[in-house]
Amino acid sequence: MSSTIREADLGTKVTPLPARAAANTPVPLDHRIARNPGMKLDLGFMESVRSVNRSALERRVASLTKRRSIKADNQAAWLLRAVACMDLTTLNSNDTEERVRRLCAKAINPFRRDIFEGLGIAGETIRPAAVCVYHPFVATAVDAVRGTGIHVAAVSTAFPHGLAPLSTRLQEIEASVRDGADEIDVVIPRGLVFGAKWRELYNEIVSMRAACGDAHLKVILGTGDLATLRNVMLASMVAMMAGADFIKTSTGKESVNATLPVGLAMVRAIRAYFEETGYLIGFKPAGGISTAKASLDWLVLMKEELGRPWLEPELFRFGASSLLTDIERQLEHHLTGHYSANHRHAMA
Ligand SMILES: O=C[C@H](O)COP(=O)(O)O
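Calculation notes
- Residues numbered from 1 in each chain as written.
- Predicted model: local features only at pLDDT ≥ 70, side-chain atom pairs only at ≥ 80, totals over all residues.
- Heavy atoms only, no water.
- UniProt positions renumbered as here; feature names shortened; annotations may be inferred.
- Helix = DSSP H or I, 4+ residues; strand = E, 2+ residues; numbered from the N terminus.
- Buried < 20%, exposed > 50% of the residue type's maximum accessible area, 1.4 Å probe, protein only.
- Contact = heavy atoms within 4.5 Å.
- Areas by Shrake-Rupley, 256 points an atom, 1.4 Å probe, with all protein chains shown as cover.
- Polar contact = N/O pair within 3.5 Å; in protein donor to acceptor, adjacent residues only side chain to side chain.
- Pairing = 2+ DSSP bridges.
- Right-handed = clockwise from strand over helix to strand, strands pointing away.
- Axes fitted to C-alpha atoms, helices over the stretch in contact; angles between N-to-C directions.
- Parallel < 35°, antiparallel > 145°, perpendicular 65-115°, else oblique.
- Left-handed = near helix turned anticlockwise from the far one by under 90°.
- Nonpolar A, V, L, I, M, F, W, Y, C, P; charged D, E, K, R; others polar.
- Near = heavy atom within 4 Å.
- Expected span 1.5 Å × (residues − 1).
- Phe/Tyr/Trp six-rings, centres within 6.5 Å; stacked < 30°, edge-to-face > 60°.

- Within an unreviewed UniProt entry, the label attached to the protein chain reads Deoxyribose-phosphate aldolase, and the organism entered is Rhizobium loti.
- Under the Catalytic activity (unreviewed entry) heading, UniProt states for the protein chain: "2-deoxy-D-ribose 5-phosphate = D-glyceraldehyde 3-phosphate + acetaldehyde".
- Quoted verbatim from the Pathway (unreviewed entry) field of the UniProt record, the comment on the protein chain reads "Carbohydrate degradation; 2-deoxy-D-ribose 1-phosphate degradation; D-glyceraldehyde 3-phosphate and acetaldehyde from 2-deoxy-alpha-D-ribose 1-phosphate: step 2/2."

Okay, structure coming up:
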């Protein structure tokens, strides 16, 4: 039997978290979300988290994406939600200040005026939560989005591999914060996971969190490199215990980027951490999410696994360079019944 997710699901109604957590801890919303302070490294707690079974996760994903459909009439509202939860990203070797300025202009005005008017939201401000850039472009982006409420996220720590001395990586974080970054996306050295060097990984992330100060810390695991779901789960737990505000799947540069089964394993780790500590950790799938349909699958997964609070930008982001373009095309199709040419949706 299939069921339908409605536009009303985006309203104030909150799907309860699992019974134990919901009973013990009120779920804060919006800006009342308390920042994760981290906890001591607890290897016993990490090991106690249910082992991950790939076929069970795949079955759950198949059931969520096939049986929990979003009706056509409601899709526009959900796609606008995807935009509000987006880190609009440019992370290319040929990035320039001009390209970053164009990206920021797109974030400030994500759709043509006629699309806003057609959807009946001309008076509303719907924009990506952040723009995400390399460190050298932080100051440019900060200047370009000033006064709009859009955050600037910087990929620091020798993105995308994380293979520089820790002192160099920490200096890069500090430089991005000095230039005005609100959020820092760091990568972990994957070798620490392969060697099960959990203490070293924990200590590195604790140092990174300290270097961030008030800027929020997103920890990229590079899941496509980690070989097993167990590694993904354990690395997720270490990152949260070390004080991550978000855990993020991928850099966009691995051969396999964000996939729903791996995302589900990370989401289950977030749930386990919440049940243990009461803290809500954000989730950012990134890399290869380029279609409106894919964004809806991810939103359904968040809604069904963690509940309504994880449909807010405080707790959920897409890291994506081209998703916004496809969402704009789909919204236009929703309004007019046809697709316009790609050049009408020029991105940075
Ligand atoms: O963090 C964001 C990713 O690098 C973006 O990846 P993408 O270009 O595949 O959308």
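### Concerning the overall build of the protein chain
Item 1. Within the protein chain one finds 14 helices and 10 strands.
Item 2. Burial statistics for the protein chain: of 348 residues in total, 55% are counted as buried.
Item 3. For the protein chain, long-range pairs separated by at least 24 residues make up 79% of all intrachain contacts whose partners lie at least 6 apart in sequence.
Item 4. As displayed, the protein chain offers around 14,400 Å² of accessible surface, 50% of which is attributable to carbon and sulfur atoms.

### Some remarks on the environment of G213
Item 1. With respect to the helices, strands and loops of the structure, G213 is situated in the loop between α10 (198–212) and β7 (216–220).
Item 2. Using a relative accessible area of 35% as the deciding quantity, one classes G213 as partly exposed.
Item 3. Through-space distance from the C-alpha of G213 to that of V177 is 8.1 Å; in sequence the pair is 36 residues apart.

### Quick word on the side chain of D326
Item 1. With respect to the helices, strands and loops of the structure, D326 is situated in helix α14 (residues 323–336).
Item 2. For D326, the side chain forms a polar contact with the main-chain nitrogen of A292, separated by 2.7 Å.
Item 3. Sequence-distant contacts of D326, that is, excluding residues within four places in its chain, are made with S290, T291 and A292.

### Thoughts on the pairing of strand β5 (residues 151–155)
Item 1. For β5, the tally of buried residues reaches four of five residues, placing the bulk of the element in the interior.
Item 2. In this structure, strand β4 (residues 130–134) lies alongside β5, joined through five bridges in parallel fashion. Bridging across to β5, Y134 finds its partner in V155.
Item 3. With respect to chirality, the unit in which β4 leads through helix α7 (residues 138–145) into the neighbouring parallel β5 is right-handed.
Item 4. As judged from the three bridges shared by β5 and strand β6 (residues 183–187), these two strands associate in the parallel manner.

### Let's talk about unusual backbone geometry
Item 1. Put simply, F159 and P160 share a cis peptide bond, and its omega is 5 degrees.
Item 2. Mapping P160 onto the fold places it in the loop between β5 and α8 (166–178).
Item 3. Backbone geometry places A227, a non-glycine residue, at a positive phi of 75 degrees.
Item 4. Within the secondary structure, A227 is located in the loop between β7 and α11 (229–241).

### Quick word on the packing of helix α12 (residues 260–277) against helix α13 (residues 292–305)
Item 1. Interaxial distance between α12 and α13 falls to 11 Å at its minimum, and their mutual angle equals 30 degrees. Considering the angle they form, α12 stands roughly parallel to α13. For the pair α12 and α13, the sense of crossing is right-handed. For the pair α12 and α13, the contacting residues are L260, G263, L264, V267, R268 and R271 in the first and D297, W298, L301, M302 and E305 in the second.
Item 2. When the residues that make up the contact of α12 with α13 are grouped by side-chain class, the tally is six nonpolar, one polar and four charged.

### So, the site of the ligand
Item 1. Lining the immediate environment of the ligand, one finds T89, L91, K248, T251, G252, A286, G287, G288, G319, A320 and S321.
Item 2. A distance of 2.7 Å separates an oxygen atom of the ligand from a polar atom in the backbone of T251.
Item 3. Note that an oxygen atom of the ligand is positioned 2.8 Å from one of the backbone N or O atoms of G288.
Item 4. Relative to its unbound accessible area of 310 Å², the ligand is 84% covered by the protein chains.
Item 5. The residue inventory of the shell around the ligand, partitioned by class, reads three nonpolar, seven polar and one charged.

### Overview of the environment of L335
Item 1. Here L335 is to be found in helix α14.
Item 2. L335 gets classed as partly exposed once you look at its relative accessible area, which sits at 32%.
Item 3. Not counting the four nearest positions on each side in its chain, L335 is found in contact with D114, I115, G118 and L119.

### Here's the deal with α12
Item 1. An ideal rise of 1.5 Å per residue puts 26 Å on 18 residues; α12 measures up with 25 Å between its terminal C-alpha atoms.
Item 2. Burial runs high along α12: 14 of the 18 residues are buried.
Item 3. Positive backbone phi, approximately 85 degrees, marks G278, located one or two places after α12.

### As for the packing of aromatic side chains
Item 1. Overall, the coordinates contain five aromatic pairs when judged by the stated rule.
Item 2. Pairing F283 with W298 gives two aromatic rings, centres 6.0 Å apart and planes at 40 degrees, and the pair type is tilted. Within this pair, whereas F283 is found in strand β9 (residues 282–284), its partner W298 is found in helix α13, the two being separated by 15 residues in sequence.
Item 3. Taking relative accessible area as the criterion, F283 reaches 0% and is therefore assigned buried.
Item 4. Centroid distance F316 to F318: 4.9 Å. Interplanar angle 80 degrees. Geometry classified as edge-to-face.
Item 5. What makes F316 buried here is its relative accessible area of 0%.
Item 6. Aromatic rings pair up to connect F283, W298, F316 and F318 into one cluster.

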